[in-house]
Structure formats: C-alpha cells, structure tokens
Amino acid sequence: MQNLMCSASVEPILHYWVDIQEVPFPDFDDTHVCRDFDTILDWVEQNSVPNELFLTTVRRPEDAVIHRMSRAYKDMKAQNVGNTYLDQHQHLHEHD
C-alpha cells in the first residue's frame with residue numbers, strides 16, 4: 001500500500017486510440033511524486049467521469065491516430081477471462 005500511496009499521480013492520464021478496442025487506452029508513462037492518497041481518492045470520486053458514461057459516450061474520431069498494441073499485450077488480454085472492459089466492446093480489431 002505504501003508503494004501505491006507514494007506512486008499515486010495527480011497528473012492527467014492521456015489516452016490513445018489503439019487497434020484492439022473501440023475506446024481509448026490510458027498511457028501510464030508519467031513521473032510520480034508522493035501525495036496524500038486519501039485526498040487523491042476523494043478528488044477522484046468527486047471529479048471522475050463515471051465508467052458507464054465513459055464507455056457509452058466516448059467514440060473514436062475518424063481522423064484518430066491509432067497506436068498498435070504489442071502481440072504480448074494482445075495475448076495477455078485474450079487470456080484475461082471476465083475482463084468487463086473488453087467484454088463490453090466486442091468490436092476489437094485484430095490487425096498487427
């Protein structure tokens with residue numbers, strides 16, 4: 001838990017359009033600074049877009065740049081049984 005608390009970032013998380021799903025994929029490549037974890041959780045609860053709203057309203061623009069996910073990641077996701085994020089979006093592309 002200490003690692004999570006010291007790794008929590010308050011920076012915005014950028015999302016990229018990827019080839020294996022119809023909703024944006026988060027890019028977690030950022031610098032971390034120790035923060036008050038409870039304050040962060042409170043802020044997230046008050047300011048986050050509800051997951052259902054995100055999944056039902058965000059649509060890929062026609063001119064979006066598509067980032068290709070690695071074969072290793074695609075294989076890992078294929079083995080992840082019960083992944084509701086992917087289960088809700090069966091319009092996955094299998095291009096390499």
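Higher on the page you've got the structure.
First things first, this report covers the structure right here in the doc.

Thresholds applied
Residues numbered from 1 in each chain as written. Predicted model: local features only at pLDDT ≥ 70, side-chain atom pairs only at ≥ 80, totals over all residues. Heavy atoms only, no water. Patch = residues over 30% accessible without salt bridge, like charges linked within 9 Å, V, L, I, M, F, W, Y side chains within 5 Å. Areas by Shrake-Rupley, 256 points an atom, 1.4 Å probe, with all protein chains shown as cover. Salt bridge = Lys/Arg side-chain N within 4 Å of Asp/Glu carboxyl O. Lys, Arg positive; Asp, Glu negative; His and termini not counted. Charge placed at Lys NZ, Arg CZ, Asp CG, Glu CD. Helix = DSSP H or I, 4+ residues; strand = E, 2+ residues; numbered from the N terminus. Buried < 20%, exposed > 50% of the residue type's maximum accessible area, 1.4 Å probe, protein only. Phe/Tyr/Trp six-rings, centres within 6.5 Å; stacked < 30°, edge-to-face > 60°.

Turning our attention to a negative patch on the surface. A surface patch of negative charge is lined by Asp36, Asp38, Asp42 and Glu45. If you trace the backbone, Asp38 turns up in helix H2 (residues 37-47). The exposure class of Asp38 is exposed, given its relative accessible area of 52%.

Enumeration over the complete set of coordinates arrives at 1 aromatic pair. Taken together, a centroid distance of 5.3 Å and an interplanar angle of 80 degrees make the contact between Phe25 and Tyr73 edge-to-face. Residue Phe25 is located in strand E2 (residues 25-27), and its partner Tyr73 is located in helix H4 (residues 71-79); the two are separated by 48 residues in the primary sequence.

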